[in-house]
Amino acid sequence: MADEPTNREAFRQQAAFCAAMDAPITASVCAALADALTRDSDTGRRTLDWPGEPIPDALPLRLVGGLHALARTGVDPGLTTLFAGEGDAPAILARVLTDHDAALLPWLDGPPQTNEPMRSGVLMAGLLAVAARHGPAVELLEIGSSAGLNLLIDRYRFDLGGVTVGPPDAPVTIRPDWRGAPPPPEPLRIERVRGVDIQPLDATYPAVATRLAGYIWADQPERQARLTAATQMQRARPVDLVQGDAVNWLRERLSEPQAAGITRVLMHSVVWQYLGDDRRAAITAMMEAAAAHATPDRPLAWVRMEPDRVLQRQELIVQSWPGHGTPRMLATAHAHGAWIAGG
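Residues numbered from 1 in each chain as written. Predicted model: local features only at pLDDT ≥ 70, side-chain atom pairs only at ≥ 80, totals over all residues. Heavy atoms only, no water.

1. Side note on the pattern of salt bridges
Part 1: All chains considered together, the criterion is met by 23 salt bridges.
Part 2: A salt bridge links Arg-194 to Glu-139, with the nearest nitrogen and oxygen atoms 3.4 Å apart. Taken together, the residues span a long stretch of sequence, with Arg-194 in strand β6 (residues 189–197) and Glu-139 in strand β1 (residues 137–143) at a distance of 55 residues. Residues Arg-194 and Glu-139 agree in their burial class; the two are buried.
Part 3: Three or more residues joined by partner-sharing salt bridges are found here, namely Glu-139, Arg-194, Glu-252, Arg-253, Glu-256 and Arg-264. (Salt bridge = Lys/Arg side-chain N within 4 Å of Asp/Glu carboxyl O. Helix = DSSP H or I, 4+ residues; strand = E, 2+ residues; numbered from the N terminus. Buried < 20%, exposed > 50% of the residue type's maximum accessible area, 1.4 Å probe, protein only.)

Put into structure tokens, the structure is as follows:
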């Protein structure tokens, strides 16, 4: 169980992570909150007395998301100025936490849901490696899909270090700063994409779009533009996203008949930390059991983008069966996919 010093330190750690991810405004807000939090508000008390683990629970990002969403409304000019990179952060935040306590408190109820379309570029690099191993046809199962932005992976256009994938006329092109060796230029055919989330969000609802926009760091307006474009794509054709527990849903999907010549792929990004020890162990055990039955005609793969917080980077880990069961890190990446370093 955490205590007040641990919870304050979580904001400093998040500040360092944001700074490493080229988000100085968000970093400064996190750093200031470490000192500005008091027990003068319900939000402050609940944050300082957080009973869980503040980093795995993404406690700093819950509160920063609420503050950013409030700033975007313009209801508090000082806060809006702060998220533009100006102003006395500790003084502004100390006041805002009290003045807007009721609006901020609900943001602590659940973890941020920040599936960013650019993260699909990291996952796509992993899928190209899977295609090189097992053939072009894949079916995708995503856990922790949030608002389903990565479920549009078959509709985005990708340019990964000069390797292009996806419809040439796609409304969104994912073109990260690619560093190092590019992924293999393999043909890829995505047969089906399905996802699950414990609390899925419909980004086409205005209130949900406002919430998602709050979680996007203020330093990155280009992400807001991608969110808008991806939301329009969902309005044109919804994604296959259901509400449910990741373990139960995945167990059912893995038990379904698998067509010959198609690789079944579990994928996820920045979700593993939220699942808890029991769910992580259950998913790992299910994948190991399914892997034991994988064949050259019906392969299985696991593609994931998850953080190494010590090194302050995301890692693309891929393993597949038969023949490639040892997890291999194929690339590192920016938290939101802005850059990918292959090889």
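Additional details are given in the paragraphs that follow.
2. As for the sheet that holds strand β3 (residues 163–165)
Part 1: Taking strand neighbours across the sheet as the criterion, the three strands line up as β3-β2-β4 in an open arrangement whose pairing is mixed. Since the sheet does not close on itself, it has two edges, and those belong to β3 and β4 (173–174), each with one partner.
Part 2: Bridging between strand β2 (residues 157–160) and β3 involves three bridges; their strand directions are antiparallel. From the neighbouring strand, Asp-159 faces β3, where its bridge partner is Thr-164.
Part 3: Contacting β2, β3 and β4, helix α8 (residues 119–134) runs over the sheet at an angle of about 75° to β2. (Pairing = 2+ DSSP bridges. Contact = heavy atoms within 4.5 Å. Axes fitted to C-alpha atoms, helices over the stretch in contact; angles between N-to-C directions.)

3. Comments concerning the packing of aromatic side chains
Part 1: Scanning the entire structure with this criterion turns up three aromatic pairs.
Part 2: Between the aromatic rings of Trp-107 and Tyr-215, the centroid separation amounts to 5.3 Å while the plane-to-plane angle is 75°, which identifies the pairing as edge-to-face. Of this pair, Trp-107 sits in the loop between α7 (101–104) and α8 while Tyr-215 sits in helix α9 (residues 206–215), and the two are 108 residues apart along the sequence. This pair shows no difference in class: Trp-107 is buried, exactly as Tyr-215 is.
Part 3: Between Tyr-156 and Phe-158, the aromatic rings sit 6.2 Å apart at their centres with planes inclined by 75°, giving edge-to-face as the arrangement.
Part 4: Phe-158 sits in the buried class, given a relative accessible area of 0%. (Phe/Tyr/Trp six-rings, centres within 6.5 Å; stacked < 30°, edge-to-face > 60°.)

4. A few points about the environment of Gly-44
Part 1: Within the secondary structure, Gly-44 is located in helix α3 (residues 42–48).
Part 2: As for Gly-44 and Leu-104, which are separated by 60 residues in sequence, their C-alpha atoms are 9.8 Å apart.
Part 3: Ignoring any residue separated from it by four or fewer positions in sequence, one finds Gly-44 in contact with Leu-37 and Thr-38.

5. Some words on the side chain of Gln-224
Part 1: Note that Gln-224 resides in helix α10 (residues 221–236).
Part 2: Not counting residues up to four positions away in its chain, the partners in contact with Gln-224 are His-68, Arg-72, Ala-213 and Ile-216.

6. Considering the nonpolar core
Part 1: Counting 50 residues, the largest nonpolar core has Met-124, Leu-140, Ile-153, Tyr-156 and Val-303 as the members making the most contacts within it.
Part 2: In terms of residue count, the dominant contributor to this core is α8 (eight residues).
Part 3: In this structure Met-124 touches Ile-153, Phe-158, Leu-160, Val-165, Leu-188 and Ile-190, once residues within four positions along its chain are discounted.
Part 4: Residues Val-29, Leu-33, Leu-82 and Leu-93 belong to the second largest nonpolar core, which totals 36 residues. (Core = buried A, V, L, I, M, F, W, Y, C linked by side-chain atoms within 4.5 Å.)

7. As for empty space enclosed by the protein
Part 1: Evaluation of the coordinates by the stated rule reveals two cavities of 30 Å³ or more.
Part 2: In this structure, the largest cavity encloses a volume near 210 Å³.
Part 3: Considering the residues around the largest cavity, the lining is formed by 23 residues, among which Leu-61, Thr-114, Arg-119, Trp-217 and His-336 are closest to the centre.
Part 4: Counting only elements with at least two residues in the lining of the largest cavity, the list comes to α4 (59–73), α9 and α12 (272–291).
Part 5: Sorting elements by how many residues they give to the lining of the largest cavity places α4 first, with four residues.
Part 6: When the residues that make up the lining of the largest cavity are grouped by side-chain class, the tally is 13 nonpolar, eight polar and two charged. (1 Å grid on protein atoms, 1.4 Å probe; cavity = no way out; pocket = protein on both sides within 12 Å on 5 of 7 lines; lining within 4 Å. Points joined across faces, edges and corners; volume = space filled by probe spheres on them. Nonpolar A, V, L, I, M, F, W, Y, C, P; charged D, E, K, R; others polar.)

8. Some remarks on the sheet that holds β1
Whether parallel or antiparallel, the strands of a sheet pair through hydrogen bonds between backbone atoms.
Part 1: The sheet built from nine strands is open, its strands ordered β5-β12-β11-β10-β9-β8-β1-β6-β7 with mixed pairing. Where the open sheet ends on each side, the last strands, each with one partner, are β5 (177–180) and β7 (241–243). Pairwise comparison of adjacent strand axes, ignoring direction, gives a mean angle of 25° for this sheet.
Part 2: The sheet contact formed by strand β9 (residues 300–308) and strand β10 (residues 313–321) spans nine bridges and is antiparallel. Paired with Trp-302 across the two strands is Gln-319, which belongs to β10.
Part 3: Together, β1, β6, β7, β8 (263–269) and β9 form the strand contacts of helix α11 (residues 246–255), whose direction differs from that of β1 by roughly 160°.

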